[in-house]
Amino acid sequence: MGVPTVGDRVAQTVAAMELEKVVEPKFHPSSYGYRPGRSALDAVAACRERCFTHPWVLDCDIAGFFDNVPHDLIVKAVEANTDQSWVILYVKRWLKAPVQHPDGTLQQRDRGTPQGSAISPLLANLFLHYAFDLWMAREFPSLPFERYCDDFVVHCFSEKQARHVGRCIAARLGECGLRLHPEKTRIVFCPQDGRDGSYEHTSFTFLGYAFRRRAAQDAEGRVFNGFLPAVSKDAMKKMNRVVHSWRLHNWTNLSLNELAAWVNPIVSGWLNYYGRYYRTAMRPLLRRINAYILRWVRKKYRRLRSWKRALAWWQTVVQRAPKLFTHWSWTTVAWMTG
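For the structure given in this document, a descriptive report is provided here.

So, the overall build of the protein
Turning to step 1, where the next piece is worked out: When helices and strands are tallied, the protein shows 11 helices and nine strands.
Turning to step 2, where the next piece is worked out: Across its three principal axes, the protein shows a C-alpha extent of roughly 70 × 55 × 35 Å.
Turning to step 3, where the next piece is worked out: Evaluated residue by residue, the protein yields a buried proportion of 48% over its 338 residues.
Turning to step 4, where the next piece is worked out: Across the protein, contacts joining residues at least 24 apart in sequence account for 66% of those joining residues at least 6 apart.
Turning to step 5, where the next piece is worked out: Carbon and sulfur atoms form 52% of the exposed surface of the protein, whose accessible area is close to 17500 Å².
Turning to step 6, where the next piece is worked out: Within the protein, the 29 negative side-chain charges are centred at a point lying 13 Å from the centre of the 48 positive side-chain charges.

The following block contains the structure:
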């Protein structure tokens, strides 16, 4: 991460707004990251649909993109899209500006654009528009893909095709001064009903969602096995760590309403994002939050120390105020109580 000064942040925002007006209409429709009117969930939705029709996925990750993207190619891309000399001048200065470390020493940079800069997402999209998006549209026009900044997946019809595309992408990125991460880039088979076969990798993670074979119900209630997204294990671990750090049961100085006002904005964000698909995968986390709330009430009120009385109180509250906590519309079960 690189944190610019206030003056630089203001100037970067102005330059980004000026440049965005020109480049945004040119960007590829399969580019989703940091673009107005588009979101990570849009990319997940497109990926979900294409996994139904394409049995193979090339899951790609660029190694250290923001640290290694070449300055000269970024400037070239900017120059091709604006005749505003001040925009080009400032982009050059921001790219070459040294990074100051906590001990005061300065590190000169000849490549990379620091994350945290107001203009870095736009410059990254502009660079990859030429380095990847247009190249894919030209070389493999029949293969759909979703790209969210430097994270992208390509859908293929066969393992052989996926291997060929992977080699071509690696070569293309090499020409642009980048490389695919050898451990995070892999070919994945997408198993589902009516699709026979096996492979070393049968799942992948994209934008916090784990795609793999899962049981589900169709609109008529029939169970089927599809290749579907749900919140990933890493995302669940991060959310569980946050919930644990709250130590809700220790905040006995707060009222129940104050506890809800604290928790709801954060949990709502989780539900809106990770609960879009296969929402049942979120239940263990929500039940854990409920368990903490039960511990909180047992610790706050001496008369509710016993589980029996605490559960009776719980049933009364969820019936009286079912919308008090946002996640209660999903589940009011506390896993510690079974």
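From this point, the discussion proceeds with the structure in view.
Thoughts on the environment of A215
Turning to step 1, where the next piece is worked out: Note on placement: A215 falls in strand β8 (residues 209-217).
Turning to step 2, where the next piece is worked out: Considering only alpha carbons, one finds A215 and Q192, 23 residues apart in sequence, at a separation of 9.3 Å.
Turning to step 3, where the next piece is worked out: Excluding residues that lie within four positions of it along the chain, A215 makes contacts with F224, N225 and Y278.

Regarding the sheet that holds strand β6 (residues 186-189)
Turning to step 1, where the next piece is worked out: Read across the sheet, four strands follow the order β4-β5-β1-β6 without closing on themselves; strand pairing throughout is antiparallel. Edge positions in the sheet fall to β4 (145-148) and β6, since each has one partner strand and no second. The sheet shows a mean angle of 15° between the axes of neighbouring strands, taken without regard to direction.
Turning to step 2, where the next piece is worked out: The pairing of β4 with strand β5 (residues 151-156) spans four bridges and is classified as antiparallel. Counted as the bridge partner of Y148 is D151 from β5.

Describing the environment of E159
Turning to step 1, where the next piece is worked out: Within the fold, E159 resides in helix α7 (residues 159-175).
Turning to step 2, where the next piece is worked out: Separated by 98 residues in the primary sequence, E159 and D61 have C-alpha atoms spaced 18 Å apart.
Turning to step 3, where the next piece is worked out: Residues within four places of E159 in sequence aside, it is in contact with W56, I187 and Y199.

A look at helix α8 (residues 233-246)
Turning to step 1, where the next piece is worked out: Over its 14 residues, α8 runs 20 Å from end to end, which matches the ideal 20 Å to within 8%, given 1.5 Å per residue.
Turning to step 2, where the next piece is worked out: Listed as buried for α8 are A235, M236, M239, N240, V243 and W246. One side of α8 carries all its buried residues, which in axial view fall inside an arc of 130°. Within α8, the exposed residues directed more than 90 degrees away from the buried face are K233, D234, K238 and R241.
Turning to step 3, where the next piece is worked out: Tucked inside the fold, the buried residues of α8 contact β9 (223-231), α9 (256-274) and α10 (283-300).
Turning to step 4, where the next piece is worked out: Within two residues after α8, R247 carries a phi angle of roughly 50°, on the positive side.

Reading guide: rules and limits
- Residues numbered from 1 in each chain as written.
- Predicted model: local features only at pLDDT ≥ 70, side-chain atom pairs only at ≥ 80, totals over all residues.
- Heavy atoms only, no water.
- Helix = DSSP H or I, 4+ residues; strand = E, 2+ residues; numbered from the N terminus.
- Buried < 20%, exposed > 50% of the residue type's maximum accessible area, 1.4 Å probe, protein only.
- Contact = heavy atoms within 4.5 Å.
- Areas by Shrake-Rupley, 256 points an atom, 1.4 Å probe, with all protein chains shown as cover.
- Lys, Arg positive; Asp, Glu negative; His and termini not counted.
- Charge placed at Lys NZ, Arg CZ, Asp CG, Glu CD.
- Pairing = 2+ DSSP bridges.
- Axes fitted to C-alpha atoms, helices over the stretch in contact; angles between N-to-C directions.
- Expected span 1.5 Å × (residues − 1).
- Arc of directions from axis to C-beta.

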